[in-house]
Amino acid sequence: ARGMSLGHTLIPPAADRSHDTKTRLLDQISAMMGGRAAEQFKFNEMTSGASNDIQVATRIAKAMVVEWGMSAMGPVNFGPDVSAGEFGQTEYYQENAVAPATQEKIDNEVRKIMEKGLKDAESIIKKHKIKLEEIAKALLKTETIDKEEFERLVGKKQNGEENLLLEKSTSK
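We now turn to the structure provided with this report. A quick note: this is a predicted structure, and the numbers were derived from the prediction, not measured. (Residues numbered from 1 in each chain as written. Predicted model: local features only at pLDDT ≥ 70, side-chain atom pairs only at ≥ 80, totals over all residues. Heavy atoms only, no water.)

## Some points on the pattern of salt bridges
This is how it is decided: Each reported salt bridge corresponds to a side-chain nitrogen of Lys or Arg within 4 Å of a carboxyl oxygen of Asp or Glu. A run of H or I in DSSP counts as a helix once it spans at least four residues, and a run of E counts as a strand once it spans at least two, with each numbered from the N terminus. Think of it in three bands: with a 1.4 Å probe and only protein chains considered, a residue is buried below 20% of the maximum accessible area for its type, exposed above 50%, and partly exposed in between.
Considering all chains together, one arrives at 6 salt bridges under this definition. Across the salt bridge formed by E39 and R36, the nearest N and O atoms sit 2.9 Å from each other. With E39 and R36 both in helix α2 (residues 34–43), this residue pair falls 3 residues apart, about one helical turn. A relative accessible area of 12% means that E39 is categorised as buried. Between D120 and K116 there is a salt bridge, with its nearest N and O atoms 2.7 Å apart. Remark: K116 and D120 occur in helix α4 (residues 100–127); sequence separation between them is 4 residues, near one turn of the helix. With relative accessibility at 44%, the residue K116 sits in the partly exposed group.

See the structure below:
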């Protein structure tokens, strides 16, 4: 990659998606943790290179817990009350401070989601280490690969399902 980024994870939107399922959100988090999982697997070391992916994944995990009720804490919104103002701007009625004990539970749920995402990414990396090496060689040779080249290396989607390896391996 050129510039400050050594690579990035791009998860293309699926045709005009206005809502995401918990499964898809968890898959996105796992995909974003792929860079960290790969560097730990290959080099037994962590770098700061995965920082943006971790930031975005954490934002999704936190929204799952705080806004969308997608955790063991149940279908509760712990976020601020929000509504559209008179001219379409967002208005916050309160900053909805939660009790310290509740915040600790929220933090623990977010951590569980993130740790599961990393564990799933590690599992995929280990299972497909040969294909990971092939992708790395292709990237070293040509710097970027498109979808067709990627599918040639790892295979196409099967049975109409999204190829998790395709989404979870786009970290370069």
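From this point on, the discussion continues.
## Quick word on α2
All of the buried residues along α2 are G34, R36, A37, A38 and E39. Once α2 ends, the next one or two residues include N44, with phi positive near 50°.

## Comments concerning the side chain of R36
Here is the rule: N or O atoms closer than or at 3.5 Å make up a polar contact, with two conditions inside protein: a donor-capable atom paired with an acceptor-capable one, and, for residues adjacent in sequence, both atoms drawn from side chains. Two residues qualify as a contact provided that any one of their heavy atoms is within 4.5 Å of a heavy atom in the partner residue.
What makes R36 buried here is its relative accessible area of 14%. A polar side-chain atom of R36 sits 2.9 Å from a polar atom in the side chain of E39. Aside from chain neighbours lying at most four places away, what touches R36 is M46, T47, A50, I54 and L118.

## Considering the environment of G155
Tracing the chain through its elements places G155 in the loop between α6 (147–154) and α7 (164–168). Separated by 24 residues in the primary sequence, G155 and K131 have C-alpha atoms spaced 9.7 Å apart.

## Examining helix α5 (residues 129–142)
Put simply, the rule reads: Expected helix span is computed as 1.5 Å times (number of residues minus one). Note: the arc covers the axis-to-C-beta directions of the helix.
Over its 14 residues, α5 runs 20 Å from end to end, which matches the ideal 20 Å to within 8%, given 1.5 Å per residue. The complete set of buried residues in α5 reads I135, A138 and L139. Taken end-on, α5 shows its buried residues confined to a sector of 100°, consistent with a single buried face. For α5, the exposed residues set more than 90 degrees away from the buried face come down to I130, K137, L140 and K141. Considering only its buried residues, α5 is in contact with α6. Where α5 ends, the next residue or the one after it, E143, has phi of about 75°, a positive value.

Note that all results are geometric; they support no functional claim without further evidence.
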